[in-house]
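# Analysis of the macromolecular model
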Amino acid sequence: MNVASTSTQVPSLAALRAGFKGLRVVGDVHGDANGFGAALAGAKDKRLFTVQLGDLTDRGPDSAATLRMALEMVTEHQGIFLLGNHDHKLRRALSGALVRPDPEGLGVTLKQIAAAPDAEALRQGALDVIGRAPAWLRLGPWLFVHGGFHPRMLREPPPPHAGSSKPEGLVPRALFGQVTSRTRIDGYPERLHNWVHRIPSGITVYCGHETRSADGRPYVAVAAAGGRAVFLDTGAGKGGHLSWIDLPW
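Just so it is clear, the model here is predicted, and its values are computed rather than measured. (Residues numbered from 1 in each chain as written. Predicted model: local features only at pLDDT ≥ 70, side-chain atom pairs only at ≥ 80, totals over all residues. Heavy atoms only, no water.)

When you go through the chain residue by residue, the secondary structure sums to seven helices and eleven strands. Relative to the 2.2 N^0.38 estimate, which gives 18 Å for 249 residues, the radius of gyration of the chain is 17 Å and therefore close to what a compact globule would have. Its C-alpha atoms give the chain principal-axis dimensions of about 50 × 50 × 35 Å. Expressed as a percentage of the 249 residues in the chain, the buried residues total 52%. Excluding contacts between residues fewer than 6 apart, the proportion of contacts in the chain whose partners are at least 24 apart in sequence is 74%. Roughly 11,100 Å² of accessible area belongs to the chain as shown, and the carbon and sulfur atoms make up 52% of that amount. Charge-centre separation for the chain: the mean point of 28 positive side chains lies 6 Å from the mean point of 22 negative side chains. (Helix = DSSP H or I, 4+ residues; strand = E, 2+ residues; numbered from the N terminus. Rg over C-alpha atoms; globule rule 2.2 N^0.38 Å. Buried < 20%, exposed > 50% of the residue type's maximum accessible area, 1.4 Å probe, protein only. Contact = heavy atoms within 4.5 Å. Areas by Shrake-Rupley, 256 points an atom, 1.4 Å probe, with all protein chains shown as cover. Lys, Arg positive; Asp, Glu negative; His and termini not counted. Charge placed at Lys NZ, Arg CZ, Asp CG, Glu CD.)

Now for the confidence of the model for the chain. On average, residues of the chain score 92 in pLDDT, and 94% of them reach the 70 mark or higher. This model gives residues 1-7 a pLDDT under 50, and the stretch forms 19 contacts once residues within four places in sequence are excluded. (pLDDT = per-residue confidence, 0-100.)

In space, the five strands of this open sheet follow the order β4-β5-β8-β10-β9, with mixed pairing throughout. Two strands lie at the open edges of the sheet, namely β4 (136-139) and β9 (219-222), each paired on one side alone. Put simply, the sheet's adjacent strands are angled 20° from each other on average, direction ignored. (Pairing = 2+ DSSP bridges. Axes fitted to C-alpha atoms, helices over the stretch in contact; angles between N-to-C directions.)

Closest axis-to-axis distance for the helix α2 (residues 33-45)/helix α3 (residues 63-75) pair is 9 Å, and the angle between their directions is 20°. Taken together, α2 and α3 sit at an angle that is classed as roughly parallel. In this structure, α2 crosses over α3, and the sense of that crossing is left-handed. Contacts between α2 and α3 pair Ala33, Phe36, Gly37 and Leu40 from the former with Ala65, Thr66, Met69, Ala70 and Met73 from the latter. (Parallel < 35°, antiparallel > 145°, perpendicular 65-115°, else oblique. Left-handed = near helix turned anticlockwise from the far one by under 90°.)

Where a strand is regular, its side chains alternate between the two sheet faces. Both faces of strand β8 (residues 204-207) are covered, namely the face carrying Thr204 and Tyr206 and the face carrying Val205 and Cys207. As paired elements, strand β5 (residues 142-145) and β8 share three bridges and run parallel to each other. The residue of β8 that forms the bridge with Leu143 is Val205. As defined by bridge partners, β8 adjoins strand β10 (residues 228-231) across four bridges and the pair is classed as parallel. Note that in β10 the partner of Val205 across the bridge is Ala229.

What follows concerns the sheet that holds strand β1 (residues 22-26). What the four strands build is an open sheet, ordered β3-β2-β1-β11; its pairing is mixed. The open sheet has two edge strands, β3 (79-81) and β11 (244-248), and neither has a second partner. Averaged over all adjacent pairs, the angle separating strand axes in this sheet is 15°, with direction ignored. Here strand β2 (residues 48-52) runs beside β3; their pairing, made up of three bridges, is parallel.

Right under this line is the structure:
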């Protein structure tokens, strides 16, 4: 792996149309290396550019392999991954910041990376690419983000170093969605979805971050303003499976 060549550049729609037949949008992977490998192989066969919605690691059986495939995907200019809250936390831990790892999540990921034969390359690659990962991406009528949408994302580019900085401005919405100060009975923050109804007509937001599906398929919410939100987290690495959607031009 050539770490020096793994810098992330936000692609333009025109550039992607010149080299690919469409997009493959992949939900939260959470260490499901087998599922991610199948998604990437299929995208390559169909000449689809992969947009992965963040949260590559934690929970699943092989976060080291997942991270390795994501870095290779970026290096080969076959796809991009967005900044998720788990990715942001992983980078902080790898950079030496004081982070309390979830023993079933980040703690397992750090052990898997440390045990990998290319541990140092994975660490350096993750520091580089997560640090440059966009917090959101707009391509024509599509807006891709990990956690939650804000209308300003349609007009403003993401900050260039969101992955290596303290979340500010729109980045907390991108990483965590819309949350209250309360904690649910399962220990997770209470989340609101009022932002869905601010998606304007003609825009579809593809996001992950939480499993809203009740049938194993991506969950679609229709906005009061006329747009749509598609939630692609179907529980990969957490007892469910990995989902993706193909978008032809």
